[in-house]
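Tertiary structure, described
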Amino acid sequence: MDVRITVLPGDGVGPEVTAEAVACLKSVAERYGHRFEFQEALIGGAAVDATGDPLPEATLKACQGSDAVLLGAVGGPAWDKHPRDQRPESGLLRLRKALGLYANLRPVSVHPALEDASPLKPEVVRGTDLMFVRELSGGLYFGEPRSYSDQAAVNTLAYTRAEVERVAKMAFELASSRRKRLTSVDKANVLETSRLWRKVVDDLAPAYPDVAVQHAYVDSFAMSLITRPRDFDVVLTENLFGDILSDEAAVLAGSLGLLPSASLGGSVGLYEPIHGSAPDIAGQDRANPIGTILSAAMLLRHGLNLTAEAAELEAAVDQTLREGHGTGDLKGARQAHGTRSLGACVRERLAAAVTPSR
Ligand code: NAD
Ligand code: IPM
Ligand code: MN
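Predicted model, so just to flag it, every value in this text is computed and none were measured.

**Brief notes about the domain arrangement of the protein**
The domains assigned to the protein are domain 1 (1-106 + 254-358) and domain 2 (118-253). When each unit is reduced to the centre of its C-alpha atoms, the spacing between domain 1 and domain 2 is 24 Å. Each partner contributes to the interface: domain 1 provides 17 residues, whereas domain 2 provides 18 residues. Mapped onto the side of domain 1 that touches domain 2, the elements with two or more residues apiece are helix 4 (88-98) and strand 4 (103-109). In terms of residues, the side of domain 1 that touches domain 2 owes the most to one element, strand 4, which gives 4 residues. Looking at the side of domain 1 that touches domain 2 residue by residue, the class counts come to 9 nonpolar, 5 polar and 3 charged.

Here you go:
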């Protein structure tokens, strides 16, 4: 299979973690006889410094002309005071919007070897297996009007039925293929957008009779998520709630650095870890590359339909963690690694897996 993958390393730890994920994808390609062509492009602060624009036209073109996009992270203190259109984060938001990516899948599971890595009790986190479906191209992030002055600032929360319906359908379908439970998280006791959200989910429910639907308010759900995480399967929510709740859910897994994501809905998907550029550890070979490597596995599965290849990469990660290897963010990892050597661990286990038939 011949495919073109655009790699957007971005800022901070972005280049360090994408390098490990790309090396894993190269190993997979070699094992299965695929031809993956990688092209790097600028995004975020790196792009601002080079071109003045956090999403240069050439980058968007490259992404649109490829089969999948792998991203590290954007942002950092150097650009925090820039005007909005020259901020790294604006580049990422524009990219998601331009590619039509309305659904952000963020799986969160607790690896048996990492039950002690969470500050929560092992018996609380054990067996957690969640799939967040975060609406990604609407809500407060994009609503108009928006404005800023030193005296007053405005953001707008708006959703249309069509916007809710398309992401909710994806969540129902995922639930149907998993444990058949869908929790829709909103703030319908206060917000009109949430009342619409609830109505749309309820209107869709009869089309998915095998899925049990439950609604939850975001404030109490934030608590339930860490007190009884096993009770949930697919969690559907709007853009900002999903951003916040998925970082909270990282506490269950043991580290933010473990969690991957896939942004879907357009013709080209975007695959990125859920963490940011981690400026506090950037350039020190300390970042956990697993979230990005698992994002590469999601790229294989959702972007290229290479199911066996994705499963094999996930199995290599699973084995790496089971054997106690980890970066410093994983409390209790018995074998301490840097970013590069943990990536190499995954690739060694990949190489040792039973050779696939071509
Ligand atoms: P962050 O996710 O970068 O870091 C939060 C904490 O988690 C830090 O202590 C960091 O060291 C740790 N961490 C993150 N990734 C890790 C990894 N792979 N391995 C080990 N530890 C890891 O969030 P922040 O500090 O709030 O934001 C920093 C910058 O990143 C900001 O500019 C923000 O806008 C940006 N950001 C970008 C993205 C993205 O590109 N998708 C996501 C979130 C934040
Ligand atoms: C994420 C990040 C982004 C978001 C920022 C950097 C725009 O926090 O991917 O979770 O809020 O979506
Ligand atoms: Mn976030």
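**Here we look at the site of ligand 1**
Neighbouring residues of ligand 1: 22 residues in total, closest Gly75, Gly257, His275, Gly276 and Asn288. Its residues placed into classes, the shell around ligand 1 shows 10 nonpolar, 8 polar and 4 charged.

**Some words on the packing of helix 1 (residues 14-32) against helix 10 (residues 290-303)**
Where helix 1 meets helix 10, the axes come as close as 8 Å, and the angle between the chain directions of the two elements is 40°. The orientation of helix 1 with respect to helix 10, classified from their angle, is oblique. For helix 1 against helix 10, the interelement crossing comes out right-handed. Seen from helix 1, the contacting residues are Val17, Thr18, Glu20, Ala21, Cys24, Leu25 and Val28; seen from helix 10, they are Thr292, Ile293, Ser295, Ala296 and Leu300. Tallied by class, the residues present in the contact of helix 1 with helix 10 amount to 8 nonpolar, 3 polar and 1 charged.

What counts, and where the lines are drawn
Residues numbered from 1 in each chain as written. Chains lettered and ligands numbered in written order. Predicted model: local features only at pLDDT ≥ 70, side-chain atom pairs only at ≥ 80, totals over all residues. Domains from an automatic or database assignment. Contact = placed C-beta atoms within 7 Å. Helix = DSSP H or I, 4+ residues; strand = E, 2+ residues; numbered from the N terminus. Nonpolar A, V, L, I, M, F, W, Y, C, P; charged D, E, K, R; others polar. Near = placed C-beta within 6 Å. Axes fitted to C-alpha atoms, helices over the stretch in contact; angles between N-to-C directions. Parallel < 35°, antiparallel > 145°, perpendicular 65-115°, else oblique. Left-handed = near helix turned anticlockwise from the far one by under 90°.

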